[in-house]
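# A structural walkthrough
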Amino acid sequence: MKTTLSQIYEPVQKCKLRLTLVVAVFCLLAIPAYAQITAKSALPEDKEQRDERMKWWREARFGMFIHWGLYSVPAGTYKGKQIPGIGEWIMENADIPVVEYEKFAKQFNPVKFNADQWVQTARNAGMKYIVITSKHHDGFCLWDSKVTNYDIMDATPFKRDILKELSVACKKHGIRLCFYHSIMDWHHPDAQAPFHPNYNDGSRTNPNFSRYVKNYLKPQIKELITNYGPLGVMWFDGEWIKDWTEPQGVDLYNHVRSLQPNIIVNNRVGKGRKSMQGMTRENYFAGDFGTPEQEIPPTGLPGVDWETCMTMNDTWGFKSYDHNWKSAEDLLRKLVDIAGKGGNFLLNVGPTSEGLIPQASVERLAAMGQWMERNSESIYGTTAGLFEKLPWGRCTTKPGKLYLHVFDWPTAGELKVPMSRNDVQKAYLLAHKDRSELLLDSDDNGNLVVTVPRKAPDMIDTVVVLEMEAEAVVIPQAKDGTVVLKAQDAIVHGTNARYESGGGKDNIGYWTNPDDYVIWRFNVIETGPFNVEVTFACATGSGGSEYILSAARQKLTGKVKNTGSWTNFVTEKIGTVKISKPGTYNLSIKPETMPGGAVMNLKSVTLVPIK
Ligand code: H79
């Protein structure tokens, strides 16, 4: 019986409705390929259990792929010829016979390999997990496998269990260890080895393939899952071969989960993958997440887990002459683009046969790490941003927070966001330690306008954080058209200024820090020009502060005069503003200078319609 995700998650009677909804969403978005990934598991699991299992992975957002094996020895060149294609496919692409390829094992002696260094390189980049090739298509194993001698201990001069050393280093540095494992095997006689010179021949089968699965593939997976501590992910690949079937995929999925119930398995365990887009075609295939390869889906889908895997140059396994590196800026923006769509980024390195991650990769990872050090809050634990398209960049979100990732900095110093000013409590630059607040306003089209520095603080991606207001107070316009903004309704930003009342006071007082400012939000239905009147008090000797009053994106300047005492309030007209569209607006008062000990006691601002 085929079990769908809906059936696992919800009572049976709801199943049809949910499927209809899912289908409706697909039709709306017109991306039928991006179907729900399903864990068709013999282990019953409800939504809460699945969410719990996927939690660390969803929060991690950024991982390191490591393609390492014998192919790093030829490094893209065979018998003096540069072989086109991805480096780890050289055995297939150069038609190398098994016995010839095996000889690379004797040359594989990566004495410069340092597991600690690799893991630190990943961690310093901001990566939370590592997926290393326990075995790639060529069949060579990076650990001491009991079912073969074609491994690091028995076939090479190196004789160190690479996976063991990595598992120790990962544990030490708090990185999740994960294994990539190829189902396809060009070395095993019961798998694709006899297909030489066409190991990847999609039309051929091996009559002994099930023997390979039973006596070799599954025992190896058991070794990997039982001997290296808790693993994050089993990442299968090479599932497209004709011999591999969906029932075998389900069986392997359950084999893995039965050995470590909390492990996560990619969708290439089964036959659901739709080409390199990597997502699962329908609701009926094994695997926990989709695996777009070398591409970023045009949009994400709510509730669908996926991870884009990608190379930094044009190969996964090391090729000595591939210098076509993506820039650090490009890679970082890809990470942000992916996070903004709700996916993970699995970024590849292909170490050399000496055991070193190429310097070009190390440099790019370091640059990404520098940005992550200041901005990772906008990546980890975020979900897809609210906006599908933003003209200047991307957006990620967390409860109560929106992270605006600005790639193209607005030269006018005003960042426009297609949302209501009313929904936002405050804004600041994530990388600025003091988190000083940015002015917020609305434009005539109802866009939020964030006043930002004129020069981009970060050329690659400046993150502006919007904190969302819990409850929005919007002051209504009175029937006669006036808008009265009282001190007690103001949102006060800053350290000292606050509302005070009693003893003749009903005002914003203690305004002794000129960086403090106040904002009201108000509604206008009756449009037109308004006189702006400010009611304030200021003790003799403290006068002279100048301030900017912004209302509906117009700016007025005011100067506080002495009124005799802190409770002797006077009303002054400081100018006029014109509001031509009904809507919700801001009015803020921000000091420019404060020659005395305080700015003023501010009682109210009134907009009086000019009839
Ligand atoms: O390990 C790296 C590569 O060696 C391996 N996957 C990454 C993570 C890989 N990349 N490309 N390929 C394998 C080439 C496979 C291409 C195809 Fe197909 C296999 C074309 C047809 C069969 C997969 C299944 C893509 C379309 C259908």
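Residues numbered from 1 in each chain as written. Predicted model: local features only at pLDDT ≥ 70, side-chain atom pairs only at ≥ 80, totals over all residues. Heavy atoms only, no water.

### As for the nonpolar core
Ranked by size, the top nonpolar core spans 99 residues in total, and within it Ile-132 and Ile-162 carry the most contacts. Per-element tally for this core: the top contributor is helix α10 (residues 209-227), with eight residues. Sequence-distant contacts of Ile-132, defined by excluding residues within four places in its chain, comprise Ile-66, Trp-118, Leu-142, Ile-162, Leu-163, Leu-166, Leu-177, Cys-178, Phe-179 and Tyr-180. Core analysis: the next-biggest nonpolar cluster, separate from the first, contains 34 residues, Ile-508, Trp-520, Ala-551 and Ile-589 among them. (Core = buried A, V, L, I, M, F, W, Y, C linked by side-chain atoms within 4.5 Å. Buried < 20%, exposed > 50% of the residue type's maximum accessible area, 1.4 Å probe, protein only. Helix = DSSP H or I, 4+ residues; strand = E, 2+ residues; numbered from the N terminus. Contact = heavy atoms within 4.5 Å.)

### What to know about the packing of aromatic side chains
Considering all chains together, one arrives at 24 aromatic pairs under this definition. Ring geometry for Trp-57 against Phe-289: centres 4.6 Å apart, planes inclined by 35°, an arrangement best described as tilted. Taken as a pair, Trp-57 in helix α3 (residues 47-60) and Phe-289 in the loop between β7 (264-265) and β8 (307-310) lie far apart in primary sequence, 232 residues in all. Taking relative accessible area as the criterion, Trp-57 reaches 0% and is therefore assigned buried. The side chain of Lys-128 reaches across the aromatic face of Tyr-380, ending 4.3 Å from its centre. Against the face of Tyr-517 rests Lys-590, its NZ or CZ located 5.0 Å from the ring centre. (Phe/Tyr/Trp six-rings, centres within 6.5 Å; stacked < 30°, edge-to-face > 60°. Lys NZ or Arg CZ within 6 Å of the ring centre and 35° of its normal.)

### Regarding the side chain of His-181
In this structure, His-181 sits in strand β5 (residues 176-182). The buried category is assigned to His-181, whose relative accessible area is 0%. For His-181, the contacting residues outside a window of four places in its chain are Ser-134, Lys-135, Trp-143, Leu-217, Gln-220, Ile-221, Leu-224, Met-234, Trp-235, Phe-236 and Asp-237.

### Observations concerning α10
Each α-helix winds once per 3.6 residues, and so residues spaced three or four apart point in a common direction. Between its terminal C-alpha atoms α10 stretches 26 Å, which fits the 27 Å expected from 19 residues at 1.5 Å a residue. Where α10 bends most, the angle comes to about 25°, and this point is Leu-217, followed within four residues by the proline Pro-219. The first or second residue beyond α10 is Gly-229, which carries a positive phi of 75°. (Expected span 1.5 Å × (residues − 1). Bend = angle between axes of the 7 residues up to and from the residue.)

### Points about the environment of Thr-205
Examined against the element boundaries, Thr-205 turns out to sit in the loop between β5 and α10. Along the primary structure Thr-205 and Met-368 are separated by 163 residues, whereas in three dimensions their C-alpha atoms are 44 Å apart. Once residues lying within four places of it in the same chain are set aside, the contact partners of Thr-205 are Phe-195, Lys-242 and Asp-243.

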